[in-house]
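Breakdown of the fold
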Amino acid sequence: MMKPVAFEYVRPETLAEAVTALDHDDARIIAGGQSLLPMMNFRLVQPERLVDINRITELERIERTKTGLRIGALTRHANAARDPLLAEHFPIVAEAMGHVAHVAIRNRGTVAGSLCHADPSAEWPLLVTLLDGEIEILGSDGHRSAEPSEFFLAPLVTDIEEQELVTGVHLPLPAGPSGMAFEEVAQRAGDFAVVAAGAMVRVENDTFAEVRLGLGGVFDTSVRARALEGALTGQRARAEELEAALPLAIEDLEPNDDLHASADYRLSLVPVLARRALIRALHRATQ
Amino acid sequence: MTDATPFTRPKYVGTPVRRLEDPRLLTGRGRYAADIQLPRMVHLAIVRSDQAHARIIGIDTDEARALPGVIGVFSAADFAHVPDIRAPSRMPNYQATSCPVLARDVVRYVGEPVVAIVAVSRYIAEDAAALIDVDYDPLDVAVAAREASDPAAPRLHEELESNTVFTRRFSAGDCAAAMDAAANTVSGQFRLTRKTSMSTEPRAYVAEHDVGKDVLTLYGSTNVPGIVRDAIGRLLELGGNRFHVVAPDVGGSFGGKGSLYPEEVIVSDLARRLERPVKYVADRMEELTSGSQAFGEEVEATLAFDDDGRFIALDADILGDVGAYSIYPWTAALEPVQVAGFMPGPYRIPHFSATVRGVCTPKPPTGPYRGVGRPMAVFALERLVDKAASRLGIPPAELRRRNLVNAEEFPHRTGSGIVWDRSGFQECLAAACSAVDLTALQAEKARRTDKWVGVGVASYAELTGIGSRISVAPGMPMNTGAETAAVRIDSTGAVSAVFALASHGQSLETTLAQIVAEELGVRPRDVAVVQGDTALAPHGTGTYASRSAVIGGGAATKAARALAVKVKRVAATLFGVDPSDVQTGNGDIFVPGTNHSIDFPELARLVYSDMSTLPQEARETLEVQETYDPVFGTTTSSTHVAVVEIDPETLHTSLRQLVVSEDCGKLINPMVVEGQVHGGVAQGIGVALLEELKFDDAGQPITATLADYLVPTSAEVPDIDVVHVETELPDNPGGFRGMGEGGTIGAPAAIANAVADAVAHLGVEVNSLPITPNKLHALIAAASRQEGQE
């Protein structure tokens, strides 16, 4: 079964038209189509209407705001990977994009598509979780925004309501110079992560002013290792301190068990990738 | 040729002639079965069983039939006139299974065809399929082969005595006594999990019935059109002049398109009944759940050897999980029996004993897969050889050197009865090992802490180009040992070479053209190789089992050679010289040192169209058909060396180096040979590290998409060093040995040995493939728990 059921296709030119087009019992947005189309071909989802937002070019922009960067919903993974603003402020994005599938998929797939698909192993949900991003949403009642912890509810489940669409994500700039690093273990190059880790480290006066560690692939949604983050903040900015805090990364963590990786194997990867990401981030923060 | 410059005839055989099929295939101009569009064509979708073993209580098709665009809905009762597919064998202790084209009463695996729906589009056919309700009464299952082999296990086929559909024993010497007397033994229980061929192009079939002429044509992505023609011809009672099977461009098979499939019978029959062309294209999920599968074997084996490392005896117990039906025509015995057959490998092992059983399980049937039997045999034996080397403290390569059959010992008969003709067993081992700096690697292994480095060697021999005296599959009453070539020069002077072979990636349009060009004295691009169409040849089975170069190439050599004799005879009459003075080359026919020269079009014109220049009796038809049967077969040998690096923390395994040395006799085209090695090794990497079809306890497949069934990509395949070794040429017309499968035979064992070498210090053994980081993690955890207890 690799043929979708029949559906209605509409292609709005503006955001307003898109919101109107979404006024339907069973409408889905299509952007890059890299997750939706396979699910439709398997008939796992059978939307009656597809709303194609690819013509709404205002959603493709990556722009500076007063407090950070705003990444438009339609930004392709490949464009995010080579964007100069992102490279300057969030070099971890380009690093992570190297792990997103293959070139053809990176050329089509979009930031919002990845966020809305909400695969717990995907790179964008982890990046947004790590970077305290705010997901911007437009609906018939106007704009709203959601924090990652509110947005990602369960595997493939988000807080998006019917008749809403994600217009972009806002990434606030770190409070000072920082180092970031991304690590991932996948079965093959380009596969969904078995475990991924993203780290952000800010050092002031030889101490950790801020440490963030995000983990993907481990649990139902991307998570932050808050216990580790809290314990390290204020400590001397040394690799030994990071090492010592690693057990906190797996505290209370109950990883998923699936066809590809046992919970045990996943659990064994978490401190490894956490250490590699944190140490590289520390190194970059103190360069 | 007006001057006396000695004419050096181009040597096409042995040169890397660019593939003649590439311009077509690489620019999207190939024509595959799915590309075929015919007027009034309708589309087939299949409702497949979602139960591993169940009785069909009822099928409700009313809603589906009522859907606009649906032409017909068919179940088993609608195919009552088609006999069940049964694969016969002369093998004693063999039970054939009855496989209806659509499941009748009972389904025996998830994916088995139950209902066929024909509609004006595949979309509508799929919509209708979703409306069909099959009511099942689940039956007990024994999913694992060992469980199913228990006489008390639920029987998959009520009419059979047991699930064990064959048992065969091999014995040479006195294995038991030799084992008892031996100074040393090593044992192991080895397993290759199920996998599938996964060609780029899924199976696709289009059947067209020319009602006026009463000729049925099946266009199919198959590598055995002759076998399909003969089989469906029998099932539907059609002669070969009323039923043709055409394999157009075929995008890979690796064995998966080498058996008869129910869908081929269904589209053929429905095209006649509906008087409309019927198309079926398998989707990827159907390929993963209903294409023939591979391996699913366990081998328990013991190797006995003396203190100098000389092998004395080998004992093996082989259990094959053959799936729901014994596949046509090869039978369920094809793969497991050849595990036993190739188990003694390229070594001198005086005493040999093996028992092999095949057990029906509620899973898709197993069938041919690149390497047939050899990958499992080589994996098990080569692991044992490494364990023996470790036991004696002898380097693995040295232990192999001591036991490989030496040049002067050929022909060598193995304990299973295979006779190896002279092939470079020792030479390949030496060549592969000299391409790797084993000493430096040992030092690096000891020094490095950031990676576990491992080196693995695997040597093997295989029988290729198998002639009529040996069945490709045990007891199969079908001659797969002969092929025919018809080479002709038509009245335009163009050369065609017609075969019953069916290239599906082997480059036969190039390599066979090289052979014909070489013998006839034209250029490869002047030769059109015509193949894959049963209307063009009286008999021929297709391309599989590393046979096309040896058997097809042999027939091509004989036919082109004989045609060259005719050409020279005609030219000699024309020139007034002796035929032995005439030479051909580069498209010219000439007498060296004279001004006698003519090209092929001119010769053809004089023979066919000009009624005055040549006397009537000299105007021979420029066509020769020759059949070649090697009677036995010829041996191809190889050694693979793999170097792996494992990240001690993530257990990610990367292949750093892979060396393949092979003796495949005379190379027709080194580039094509290397391409075959590269592709085979890539598949071998899948066997070793990635690919596994998994089933749950109820027999449900849980790897039904390419997100879960992982095949190697270019990122997982390293550069591969190929070293060609040519020893004595085999006794066949071209001096060729088959080599299309070898990459898949040697690589899994070499990689397994390399991984085992890398993790040996942890007390972990590699006995089951694929070995994934997840599995390594579990093995290491178990080993460290065990160590903790001791």
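What about the overall build of chain B?
- Per the secondary structure count, chain B includes 19 helices and 29 strands.
- By the compact-globule yardstick of 28 Å for 790 residues, chain B fits well, its C-alpha radius of gyration being 28 Å.
- Taken along its principal axes, the extent of the C-alpha atoms in chain B is 95 × 75 × 50 Å.
- Taking all contacts inside chain B whose residues are at least 6 apart in sequence as the whole, residues at least 24 apart take part in 81%.
- Separation of charge centres in chain B, based on 70 positive and 100 negative side chains, amounts to 3 Å.

Re the overall build of chain A
- Helices and strands together make up the secondary structure of chain A, namely 13 helices and 14 strands.
- Dimensions of chain A, computed from the C-alpha atoms along their principal axes, are close to 60 × 45 × 30 Å.
- Residues classed as buried in chain A amount to 54% of the 287 residues present.
- Considering only contacts in chain A between residues 6 or more positions apart, those separated by 24 or more positions represent 63%.
- Surface accessibility of chain A: about 12,200 Å² in total, with carbon and sulfur atoms responsible for 49%.
- Both charge centroids of chain A, one from 27 positive and one from 43 negative side chains, sit 7 Å from each other.

Quick look at the interface of chain B and chain A
- Between chain B and chain A, the contact holds 29 residues from the first and 25 residues from the second.
- Approximately 2,300 Å² of surface area, both sides summed, lies buried where chain B meets chain A, with 57% of it carried by carbon and sulfur atoms.
- Counting across the chain B and chain A interface gives 4 salt bridges.
- Residues E649(B) and R275(A) are paired through a salt bridge, measuring 2.4 Å at the closest nitrogen-oxygen approach.
- At the surface where chain B touches chain A, the tally comes to 12 residue pairs in polar contact (both at pLDDT 80 or more).
- Contributions of two or more residues to the side of chain B that touches chain A are made by helix 3 (122-130), helix 8 (284-290) and helix 19 (773-789) of chain B.

Some remarks on a negative patch on the surface
Residues and elements named next belong to chain B.
- On the surface, D60, D62, E63, D133, D135 and D137 cluster together to form a negatively charged patch.
- Residue assignment for the negative patch shows that the elements contributing at least two residues are helix 2 (62-66) and strand 6 (133-138).
- The element best represented in the negative patch is strand 6, accounting for 3 residues.
- The partly exposed category is assigned to D135, whose relative accessible area is 42%.

Here we look at the packing of helix 10 (residues 374-392) of chain B against helix 11 (residues 396-403) of chain B
Residues and elements named next belong to chain B.
- One way to put it is that helix 10 packs onto helix 11 with a least axis distance of 9 Å and a crossing angle of 110°. In terms of orientation, helix 10 lies roughly perpendicular with respect to helix 11. Of helix 11, the residues touching helix 10 (which contributes E382, V385, D386, A388 and A389) are P396, L399 and R400.
- Its residues placed into classes, the contact of helix 10 with helix 11 shows 5 nonpolar, no polar and 3 charged.

Details of the pairing of strand 26 (residues 634-646) of chain B
Residues and elements named next belong to chain B.
- Of all 13 residues that make up strand 26, 13 are buried, and the element is covered over most of its length.
- What you see with strand 26 is no split at all: T634, T636, S638, H640, A642, V644 and I646 on one side and T635, S637, T639, V641, V643 and E645 on the other are buried throughout.
- Where strand 18 (residues 452-464) and strand 26 come together, 13 bridges link them in antiparallel fashion. Within strand 26, the residue paired with G454 across the bridge is V644.
- Across 10 bridges, strand 26 lies against strand 27 (residues 653-663) in antiparallel orientation. Residue S638 lies in a different strand from strand 27, and its bridge partner there is E662.
- Hairpin connection, strand 26 to strand 27: the antiparallel pair is bridged by 6 residues, and L651 has positive phi, about 65°.

Here we look at the state of the cysteines
- Under the definition given, this model contains 0 disulfides over all chains.
- Residue C360(B) stays outside any disulfide, its sulfur separated by 11 Å from that of C99(B), the closest cysteine.

Description of the nonpolar core
All names here are of chain B.
- Formed by 197 residues in total, the largest nonpolar core has its most connected members in M343 and I751.
- Both of domain 2 (33-139 + 202-250 + 257-290) and domain 3 (293-410 + 423-470 + 631-789) provide at least three residues apiece to this core.
- In this structure, M343 is in contact with V299, A301, L314, A316, F352, A377, A380 and L381, ignoring residues within four places of it in sequence.

Comments concerning the sheet that holds strand 23 (residues 588-590) of chain B
Residue and element names in this part refer to chain B.
- Reading across the sheet, the 3 strands line up as 22-23-24 and stay open at both edges, with antiparallel pairing between neighbours. The open sheet terminates on both sides in strands that have one partner only, identified here as strand 22 (583-585) and strand 24 (597-599). Across the sheet, the axes of successive neighbouring strands diverge by a mean angle of 20°, strand direction being ignored.
- Sheet analysis places strand 23 next to strand 24, joined by 3 bridges and oriented antiparallel. Bridging from a neighbouring strand, I589 pairs with I598 of strand 24.
- Sheet strands in contact with helix 15 (residues 548-575) are strand 22, strand 23 and strand 24, and its direction is about 55° off that of strand 23.
- In the packing of helix 16 (residues 600-609) onto the sheet, contacts are made with strand 22, strand 23 and strand 24, and the angle to strand 24 comes to roughly 85°.

Digging into the packing of aromatic side chains
- If you walk through the whole model with that rule in mind, you get 11 aromatic pairs over all chains.
- Considering the side-chain rings of F151(A) and F152(A), the 5.0 Å spacing of their centres and the 90° angle between planes classify their relative orientation as edge-to-face. The pair F151(A) / F152(A) is uniform in exposure class, with both members buried.
- For the ring pair F311(B) and Y347(B), a centre distance of 5.4 Å and an interplane angle of 80° mean the geometry is edge-to-face. Here the residue F311(B) occupies a position in strand 14 (residues 311-323), and Y347(B) occupies one in the loop between helix 9 (334-342) and strand 15 (351-360), the gap between them amounting to 36 residues.

Quick look at the sheet that holds strand 20 (residues 495-499) of chain B
All names here are of chain B.
- Taken together, the 4 strands give an open sheet; going across it, the order is 21-20-19-25, and neighbouring strands pair in mixed fashion. Looking at strand neighbours, the two that pair on one side only are strand 21 (527-530) and strand 25 (623-628), the edges of this open sheet. Within the sheet, the average angular offset between the axes of one strand and its neighbour, ignoring direction, is 15°.
- Examined bridge by bridge, strand 19 (residues 483-489) and strand 25 share 6 bridges and lie antiparallel to one another.

Points about the domain arrangement of chain B
Residues and elements named next belong to chain B.
- The domain architecture assigned to chain B consists of domain 1 (2-29 + 482-628), domain 2 (33-139 + 202-250 + 257-290) and domain 3 (293-410 + 423-470 + 631-789).
- A C-alpha centroid distance of 39 Å is found between domain 1 and domain 3.
- Of the residues lining the interface, 28 residues belong to domain 1; the matching set on domain 3 comes to 24 residues.
- Summed over the three residues of domain 1 that lose the most area to domain 3, namely V13, S546 and V550, the buried surface amounts to 29% of that side.
- Inspection of the domain 1/domain 3 interface yields 0 salt bridges.
- On the surface where domain 1 and domain 3 come into contact, there are 8 residue pairs in polar contact (both at pLDDT 80 or more).
- Where the side of domain 1 that touches domain 3 is concerned, the elements lending two or more residues are helix 14 (508-520) and helix 15.
- Among the elements that take part in the side of domain 1 that touches domain 3, helix 15 stands out by supplying 8 residues, more than any other.

Some remarks on the environment of R272(B)
Residues and elements named next belong to chain B.
- Secondary-structure assignment places R272 in helix 7 (residues 262-274).
- Relative accessible area serves as the criterion here: at 27%, R272 is assigned to the partly exposed category.
- Measuring from C-alpha to C-alpha, the distance between R272 and D214 comes to 8.9 Å, with 58 residues separating the pair along the chain.
- Apart from the residues lying within four places of it in its own chain, the contact partners of R272 are H209, L216, L236 and L238.

Quick word on helix 14 of chain B
All names here are of chain B.
- With 13 residues, helix 14 ought to run about 18 Å at 1.5 Å a step, and its terminal C-alpha atoms sit 17 Å apart, in line with that.
- In terms of residue burial, helix 14 counts as a mostly covered element, since 13 of its 13 residues are buried.
- Where helix 14 ends, the next residue or the one after it, G521, has phi of about 90°, a positive value.

Structural notes on unusual backbone geometry
Residue and element names in this part refer to chain B.
- Geometrically, the link from Y328 to P329 is a cis peptide bond, its omega value of -5° lying close to zero.
- Inspection of the secondary structure assignment puts P329 in the loop between strand 14 and helix 9.
- With an omega of 0°, the peptide bond running from L769 to P770 counts as cis.
- With respect to the secondary-structure elements, P770 resides in the loop between strand 29 (768-769) and helix 19.
- If you check the backbone angles, V631 has positive phi at about 65° while not being a glycine.
- Mapped onto the elements of the fold, V631 is located in the loop between strand 25 and strand 26.

What counts, and at which threshold
Residues numbered from 1 in each chain as written. Chains lettered and ligands numbered in written order. Predicted model: local features only at pLDDT ≥ 70, side-chain atom pairs only at ≥ 80, totals over all residues. Heavy atoms only, no water. Helix = DSSP H or I, 4+ residues; strand = E, 2+ residues; numbered from the N terminus. Rg over C-alpha atoms; globule rule 2.2 N^0.38 Å. Contact = heavy atoms within 4.5 Å. Lys, Arg positive; Asp, Glu negative; His and termini not counted. Charge placed at Lys NZ, Arg CZ, Asp CG, Glu CD. Buried < 20%, exposed > 50% of the residue type's maximum accessible area, 1.4 Å probe, protein only. Areas by Shrake-Rupley, 256 points an atom, 1.4 Å probe, with all protein chains shown as cover. Buried area = accessible area lost by both parts, 1.4 Å probe. Salt bridge = Lys/Arg side-chain N within 4 Å of Asp/Glu carboxyl O. Polar contact = N/O pair within 3.5 Å; in protein donor to acceptor, adjacent residues only side chain to side chain. Patch = residues over 30% accessible without salt bridge, like charges linked within 9 Å, V, L, I, M, F, W, Y side chains within 5 Å. Axes fitted to C-alpha atoms, helices over the stretch in contact; angles between N-to-C directions. Parallel < 35°, antiparallel > 145°, perpendicular 65-115°, else oblique. Nonpolar A, V, L, I, M, F, W, Y, C, P; charged D, E, K, R; others polar. Pairing = 2+ DSSP bridges. Disulfide = S-S within 2.5 Å. Core = buried A, V, L, I, M, F, W, Y, C linked by side-chain atoms within 4.5 Å. Domains from an automatic or database assignment. Phe/Tyr/Trp six-rings, centres within 6.5 Å; stacked < 30°, edge-to-face > 60°. Expected span 1.5 Å × (residues − 1).

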